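Now for the letters of each chain:
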Amino acid sequence: MIKPNPFTPKSGIEPKIFLNRTEEISLFLEKIKEAKAGLPSHYIINGEWGIGKTTLLN
Ligand SMILES: Nc1ncnc2c1ncn2[C@@H]1O[C@H](COP(=O)(O)OP(=O)(O)O)[C@@H](O)[C@H]1O
Ligand SMILES: [Mg+2]
């Protein structure tokens, strides 16, 4: 069952508060560095509807 979103309960809407993605953003920055150094990779961001995939990428 999908848990209710405590912030802005609509998909595709930018949250007023963006929380708890420090680790994911660090990983992206690391991977961008690797790509710049000539070691590109492919990644899939996978998960249930509403967990914040689109918002993270934006
Ligand atoms: N890190 C976050 N902090 C607060 N709210 C968030 C965060 N990520 C997503 N949301 C909110 O959760 C809802 C669903 O996010 P969304 O990115 O559309 O999910 P998905 O793409 O995984 O279906 C949206 O209302 C969005 O604003
Ligand atoms: Mg999405």
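These notes cover the structure that comes with them. (Residues numbered from 1 in each chain as written. Chains lettered and ligands numbered in written order. Predicted model: local features only at pLDDT ≥ 70, side-chain atom pairs only at ≥ 80, totals over all residues. Heavy atoms only, no water.)

1. Focus on the overall build of the protein chain
1) Next: When you go through the protein chain residue by residue, the secondary structure sums to two helices and zero strands.
2) Next: Sorting the 58 residues of the protein chain into buried and exposed places 2% on the buried side.
3) Next: Summed over its atoms, the accessible surface of the protein chain is roughly 5600 Å², and 60% of this surface lies on carbon and sulfur atoms. (Helix = DSSP H or I, 4+ residues; strand = E, 2+ residues; numbered from the N terminus. Buried < 20%, exposed > 50% of the residue type's maximum accessible area, 1.4 Å probe, protein only. Areas by Shrake-Rupley, 256 points an atom, 1.4 Å probe, with all protein chains shown as cover.)

2. Description of helix 1 (residues 22–36)
Residues spaced three or four apart along an α-helix point in a common direction, a consequence of the helix completing one turn every 3.6 residues.
1) Next: Its 15 residues give helix 1 an end-to-end C-alpha distance of 21 Å, which sits within 8% of 21 Å, the value for a rise of 1.5 Å per residue.
2) Next: Taken from the residues just after helix 1, Gly38 is the one with a positive phi, measuring 95°. (Expected span 1.5 Å × (residues − 1).)

3. Looking at the pattern of salt bridges
Pairing between side chains becomes possible if they bear opposite charge and their charged atoms approach one another.
1) Next: Taken as a whole and judged by the stated rule, the model has one salt bridge.
2) Next: For Glu34, the salt bridge identified is with Lys31, shortest N-O distance 3.4 Å. Of this pair, Glu34 and Lys31 both sit in helix 1, separated by three residues, roughly a single helical turn. (Salt bridge = Lys/Arg side-chain N within 4 Å of Asp/Glu carboxyl O.)

4. So, unusual backbone geometry
Negative phi characterises most residues that are not glycine, and trans characterises most peptide bonds.
1) Next: Backbone geometry places Asn20, a non-glycine residue, at a positive phi of 65°.
2) Next: Tracing the backbone through its elements, the reader meets Asn20 in the segment before helix 1.

5. Topic: a nonpolar patch on the surface
1) Next: On the surface, a nonpolar cluster with roughly 370 Å² of combined accessible area is contributed by Phe18, Ile25, Leu29 and Ile32.
2) Next: Looking at where Leu29 falls in the secondary structure, it is placed in helix 1. (Patch = residues over 30% accessible without salt bridge, like charges linked within 9 Å, V, L, I, M, F, W, Y side chains within 5 Å.)

6. Notes on the environment of Thr55
1) Next: Assignment of secondary structure puts Thr55 in helix 2 (residues 53–57).
2) Next: For the pair Thr55 and Phe18, spaced 37 residues apart in sequence, the C-alpha separation works out to 8.7 Å.
3) Next: With sequence-adjacent residues up to four places away left out, Thr55 is seen in contact with Ile13, Pro15 and Phe18. (Contact = heavy atoms within 4.5 Å.)

7. Observations concerning the environment of Lys31
1) Next: Residue class for Lys31 comes out partly exposed when judged on its relative accessible area of 22%.
2) Next: Once the C-alpha coordinates of Lys31 and Ser41 are considered, the two residues, 10 residues apart in sequence, prove to be 7.8 Å apart.

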